[in-house]
Amino acid sequence: MNYFETDLTKLHNQLVNKEITSVELTEQTIANIKATEPTVDAFITIAEAEALAQAKAIDEQGIDPNSLFSGIPVAIKDNILTKDILTTAGSKMLHNFKPIFDATVVEKLNNAGAIMVGKANMDEFAMGSTSKNSYYKMSKNAWDQTKVPGGSSGGSAAAVASGEVIASLGTDTGGSVRQPAGFNGIVGFKPTYGRVSRWGVIAFASSLDQVGHLTRTVYDNAAMLNVLAGADHRDQTTSTREVPDFTANLNGDIKGMKIALPKEYLGEGVSAGVRETILAAAKQFEALGATVEEVSLPHSKYGVAAYYIIGSAEASSNLQRFDGIRYGFRAEDVKNLNDLYIKTRSQGFGDEVKRRIMLGTFSLSAGAYDAFFKKAAQIRTLLIQDFDNVFKDYDLIIGPSAPSVAFGMDYTPEDPAELYMYDVLTIPSNFAGLPAISVNAGFSEGLPVGLHIIGKAFDENTIYRAAYAFEQTTQLFKQVPNLGGQD
Amino acid sequence: MAETELTREEVRHVAGLAMLEFNDQELDYFKEQLDDIMNLIDILNEVDTTDVPATFTVTENRNVLRADEGINAEQKAELLARAPESENGLIKVPAIINESAGAK
């Protein structure tokens, strides 16, 4: 079965009422994944045996009537550790890596009764906007297989958008959940920095990384954050703030909500179709009783440049651990230990990862630190101040989640900086640690346009309320792609 | 630093710091790509950041402490099973120095 005409609550009721068992649901899900994969290539690993064993155990202990995820199959991005199940981060470097423990978010989903059916494809070490940087395969956009699914969580997005699973986990360092969610017309959420534990997630840029999640509907997305959120003593950046019920107050009422639309988010580089779709969404919010006013976030245009310094610098440090000694790929025919490090890393990392390690290492090197790394960290402060100023007067900020709809699989600019610009609208919220969602706002050139909604730190609820009201009015989630091979 | 361009020697030096090696052709390729990225980054010089503090993290937490209690972290067999090579309960690596050099 596919998940086009159902949602978490309906499935949960069917499971509780024994209209279907978790084993049956998992079997049908895997059969559909196998039929759909030749079209979208969303998965690196399908964990069939493990999933069926998990489902059997859930059936035996009984579906938990208080847990929406009890017995529900989900997909996990392949940079999130799953005990004894291949976890590659899309890299040759981890081609044989089976972790000895589950990430906290996987543990939480397990405890909620979710069934892990597979590991989703991604750009190598989450670096990219296309998922083409994977060592393993190229995932396709669910709406048009000649287009990219976005990245880096492209597999996670394509899996949900093509109806293979109802929900998936991704990670978001500069937009890697929200941009592919937008490209695939589904709901992708990046929580506030500190809301969700990163323990067991392969680190990219630790001051920016967050685990995010992708679903078909806003309600399901909020329900998933209920499972994932909370302090974790194993990730010292997690917040001890109270975790609210994120599904509370999803009632469609957003009267009086104050929404800001930064002029920079619809400016140069944003396609006409995307601009029109987002302006129509703004009108929709006004029709629902919110106010929408133009504001300015004057430092927005510096976000990409600052991001590539800070993100790459942190990555160059985090990726030092891949040295061929303790796990993963090890180069052969080496002369000595130093040679082993160098050959392992040179053969194990792909080009995009090497580019960022080089840029990051340079930015942190003697003589470059002040002009590059420190400069970027100062720009980050200015970007955060931009947000602080707007959030004094507004509840939410809206814009597109990408400057265009999904582009062609064969688009490979010679200048890598061209592709980096695709993150321009999502990067600032990572810098400030703010929560943000992408929800489908309509179509341009036959492809989905993501509406990006940014909220105040730890105010995920207001984002969900607005996204829910928008989704319930537009009913766009009912539009699904035509795919071959599905039953 | 407007129009920053790295020399081939600088690129080779950075590769050494990062424990990466490039042949001549790869070195040219990465130099060109890094120059493109440097062009993108030059835009930051438009901004006067005098007296602007740097932000390195946005976490609200400071000095998170845990209880000073021992835990049983015995996972030696599982960990060794992940190593590319192991022997007698240890991870096996090549000689630290060149074998030829060591023989002298």
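Residues numbered from 1 in each chain as written. Chains lettered and ligands numbered in written order. Predicted model: local features only at pLDDT ≥ 70, side-chain atom pairs only at ≥ 80, totals over all residues.

### What to know about the overall build of chain A
Stated formally: A run of DSSP states H or I qualifies as a helix once it reaches four residues; a run of E qualifies as a strand once it reaches two. Both are numbered from the N-terminal end. Computation of the radius of gyration draws on C-alpha atoms alone. For the globule rule, the value is 2.2 Å times the number of residues to the power 0.38. Neighbour counting defines burial: a residue surrounded by 20 or more other C-beta atoms within 10 Å of its own C-beta is buried, one with 12 or fewer is exposed, and intermediate counts give partly exposed, using backbone-placed C-beta atoms. By the convention adopted here, residues are in contact when the distance between their C-beta atoms, placed from the backbone, does not exceed 7 Å.
If you tally the helices and strands in chain A, you get 15 helices and 11 strands. Its C-alpha radius of gyration of 21 Å places chain A within 12% of the 23 Å reference for a compact globule of 487 residues. Within chain A, the fraction of its 487 residues that count as buried is 63%. A sequence separation of at least 24 residues applies to 77% of the contacts in chain A between residues at least 6 apart.

### Overview of the UniProt feature "active site" (unreviewed entry) in chain A
Residue and element names in this part refer to chain A. Where we set the bar: UniProt positions are given in the numbering used here, feature names are shortened, and annotations may be inferred rather than shown by experiment.
Under the present numbering, the feature "active site" (unreviewed entry) in UniProt falls on Lys 77, Ser 152 and Ser 176. In sequence the annotated residues extend across 100 residues, while in space they remain close, none of their C-alpha pairs exceeding 11.1 Å. Summarising the element assignment, Lys 77 is placed in strand 2 (residues 73–77). Owing to 34 C-beta atoms within 10 Å, Lys 77 belongs among the buried residues under this scheme. If we skip the residues at most four places from it in the chain, Lys 77 touches Ala 120, Met 122, Ser 153, Gly 155, Ser 156, Leu 169, Gly 170 and Thr 171. Excluding anything up to four places from it in sequence, Ser 176 contacts Ala 126, Gly 151, Ser 152, Ser 153, Gly 170 and Thr 171.

### Details of helix 5 (residues 154–161) of chain A
All names here are of chain A. For helix 5, the buried fraction is high: eight of the eight residues fall into the buried class. Within helix 5 the residues assigned to the buried category are Gly 154, Gly 155, Ser 156, Ala 157, Ala 158, Ala 159, Val 160 and Ala 161. Looking one or two places after helix 5, you find Gly 163, whose phi comes out positive at around 80°.

### What about the interface of chain A and chain B?
The line we're drawing: Three classes are used: nonpolar for Ala, Val, Leu, Ile, Met, Phe, Trp, Tyr, Cys and Pro, charged for Asp, Glu, Lys and Arg, and polar for all others, with Gly counted as polar.
Taken together, the contacts link 54 residues of chain A with 45 residues of chain B. Going through the elements one at a time, helix 9 (303–318), helix 10 (337–348), helix 11 (351–364), helix 12 (370–391) and helix 13 (416–420) of chain A are the ones with two or more residues in the side of chain A that touches chain B. Per element, the largest residue contribution to the side of chain A that touches chain B is 11 residues, and it comes from helix 12 of chain A. A class-by-class count of the residues in the side of chain A that touches chain B yields 29 nonpolar, 15 polar and 10 charged.

### So, the UniProt feature "domain: Amidase" (unreviewed entry) in chain A
With numbering matched to this structure, UniProt assigns "domain: Amidase" (unreviewed entry) to residues 24–463 of chain A. End-to-end, the C-alpha atoms of residues 24–463 of chain A are 35 Å apart, and along that stretch the chain is 36% helix and 15% strand.

### What to know about the sheet that holds strand 3 (residues 115–120) of chain A
Residue and element names in this part refer to chain A. Note the cut-off: When DSSP finds two or more bridges between two strands, those strands count as paired. Note on geometry: axes are C-alpha line fits, over the in-contact stretch for helices, and angles between N-to-C directions span 0 to 180 degrees.
Strand order in the open sheet made by the 11 strands is 1-3-2-4-6-5-10-11-9-7-8, with mixed pairing throughout. Edge positions in the sheet fall to strand 1 (43–46) and strand 8 (291–295), since each of these pairs with one other strand and no more. Averaged over all pairs of adjacent strands, the angle between their axes in this sheet comes to 30°, without regard to strand direction. Pairing analysis gives five bridges linking strand 2 to strand 3, with the strands arranged parallel. Across the sheet, Ala 75 pairs through a bridge with Gly 118, a residue of strand 3.

### Focus: the pairing of strand 2 of chain A
Residues and elements named next belong to chain A. For clarity, the threshold we go by: With the strands aimed away from the viewer, a crossover counts as right-handed if its path from the first strand over the helix to the second runs clockwise.
Counting buried positions over the five residues of strand 2 gives five, a clear majority of the element. The side-chain alternation of strand 2 yields two buried faces, one formed by Pro 73, Ala 75 and Lys 77 and the other by Val 74 and Ile 76. Traced from strand 2 through helix 4 (residues 104–111) to strand 3, the parallel crossover comes out right-handed. With two bridges joining them, strand 2 and strand 4 (residues 167–172) adopt parallel strand pairing. Paired with Ile 76 across the two strands is Leu 169, which belongs to strand 4.

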